[in-house]
Amino acid sequence: MTGKKAAKVPRAAYERELLRLQTELVKLQEWVRAEGARLVVVFEGRDAAGKGGTIKRVAEHLNPRVARIAALPRPSERQRTQWYFQRYVEHLPAAGEIVLFDRSWYNRAGVEHVMGFCTEEEHRRFLRQCPIFERMLVEDGILLRKYWFSVSDTEQQERFRRRLEDPLRRWKLSPMDLESITRWEAYSRAKDEMMVHTDIAEAPWFVVESDDKRRARLNMIAHLLDSVPYREVAPPVLELPARPSSTGYKRSPRDLQTYVPDHAASL
């Protein structure tokens, strides 16, 4: 984004457009299921860049049996001895599925490299192999979309501060997140190097300006929808059946069951 900074998207306009886009995401989901397509969406970016909130809005109205979120924990000791991409392959979609990667194999290009969790040779090997790996996915028919959420240093620090003060979001903040503040330039260099090697024609990177979370969510979802040649699939015709007449069933006495207390009555 260049020039004058855009004003924040008004909440009413944001909610109206988000609902429209989410309706289209449901249509995309039904097309993926009907066509047996395989869609992978990679969400990457700095800590507190807005990836999680965007993923939440993308998946909010989708069928979790069709669209699932892959947020992998730290690798186990066994996984550390595997080919690096191996544990991610296990989470790739089958026909008719969508997988949203909340961080992905790009951990090696970012946090692992900057924090010293991998060797220099492992990092260089990743940069060589990643384009090959992604070309294989695309050649096999997987629709691969990669989004980098770009947040400024001042906005990131403000989001960290709000998380620190909010008991409902305090869990989102880890010591490693705070460490990223002191390594801002190292992460910037790592991102630039990653882009040079992995921004390929078959699977390009798309950068999402995310200082305004509402704008970022709308822009990312709209771009995803525009990038996939989906069409509306006619839903099956369903009709509510008539409720049959009673055959004499009587409900068991209520005092034979344990009910949760009516907490709402105390409000």
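My aim in this report is to walk through the structure given alongside it, one point at a time. Since the structure is predicted, the reported quantities are computational estimates derived from the model, not experimental observations.

Some thoughts on the nonpolar core
Nonpolar side chains in soluble globular proteins generally cluster together in the buried interior.
Now for step 1: If you look at the biggest cluster of nonpolar residues, it comprises 32 residues, and the most contacted ones within it are Leu 28 and Met 220.
Now for step 2: Of all the secondary-structure elements, those providing two or more residues to this core are helix 1 (11-35), strand 1 (38-45), helix 2 (51-59), strand 3 (97-102), strand 4 (143-150) and helix 10 (213-227).
Now for step 3: Other than its neighbours up to four places away in sequence, Leu 28 contacts Leu 39, Leu 225, Val 228 and Tyr 230.
Now for step 4: Counting residues in hydrophobic clusters, the runner-up holds 26 residues, among them Tyr 84, Phe 101, Trp 148 and Ile 200.

Structural notes on the packing of helix 6 (residues 120-139) against helix 9 (residues 184-198)
For any two helices packed against each other, the geometry is given by the interaxial angle and the distance between the axes.
Now for step 1: The contact between helix 6 and helix 9 brings their axes to 9 Å, and the two run at 40 degrees. As summarised for this structure, helix 6 and helix 9 are arranged oblique, according to the angle between their axes. By crossing handedness, the relation of helix 6 to helix 9 is classed as right-handed. Across from His 123, Leu 127, Cys 130, Pro 131 and Glu 134 in helix 6, the residues of helix 9 making contact are Glu 193, Met 194, His 197 and Thr 198.
Now for step 2: Classifying every residue of the contact of helix 6 with helix 9 by side-chain character gives four nonpolar, three polar and two charged.

Quick word on the environment of Ala 12
Now for step 1: Secondary-structure assignment places Ala 12 in helix 1.
Now for step 2: Separated by 232 residues in sequence, Ala 12 and Pro 244 have C-alpha atoms that sit 45 Å apart.

Criteria and cut-off values
- Residues numbered from 1 in each chain as written.
- Predicted model: local features only at pLDDT ≥ 70, side-chain atom pairs only at ≥ 80, totals over all residues.
- Heavy atoms only, no water.
- Core = buried A, V, L, I, M, F, W, Y, C linked by side-chain atoms within 4.5 Å.
- Buried < 20%, exposed > 50% of the residue type's maximum accessible area, 1.4 Å probe, protein only.
- Helix = DSSP H or I, 4+ residues; strand = E, 2+ residues; numbered from the N terminus.
- Contact = heavy atoms within 4.5 Å.
- Axes fitted to C-alpha atoms, helices over the stretch in contact; angles between N-to-C directions.
- Parallel < 35°, antiparallel > 145°, perpendicular 65-115°, else oblique.
- Left-handed = near helix turned anticlockwise from the far one by under 90°.
- Nonpolar A, V, L, I, M, F, W, Y, C, P; charged D, E, K, R; others polar.

Fair warning: the whole summary comes from geometry, so function is off the table for now.
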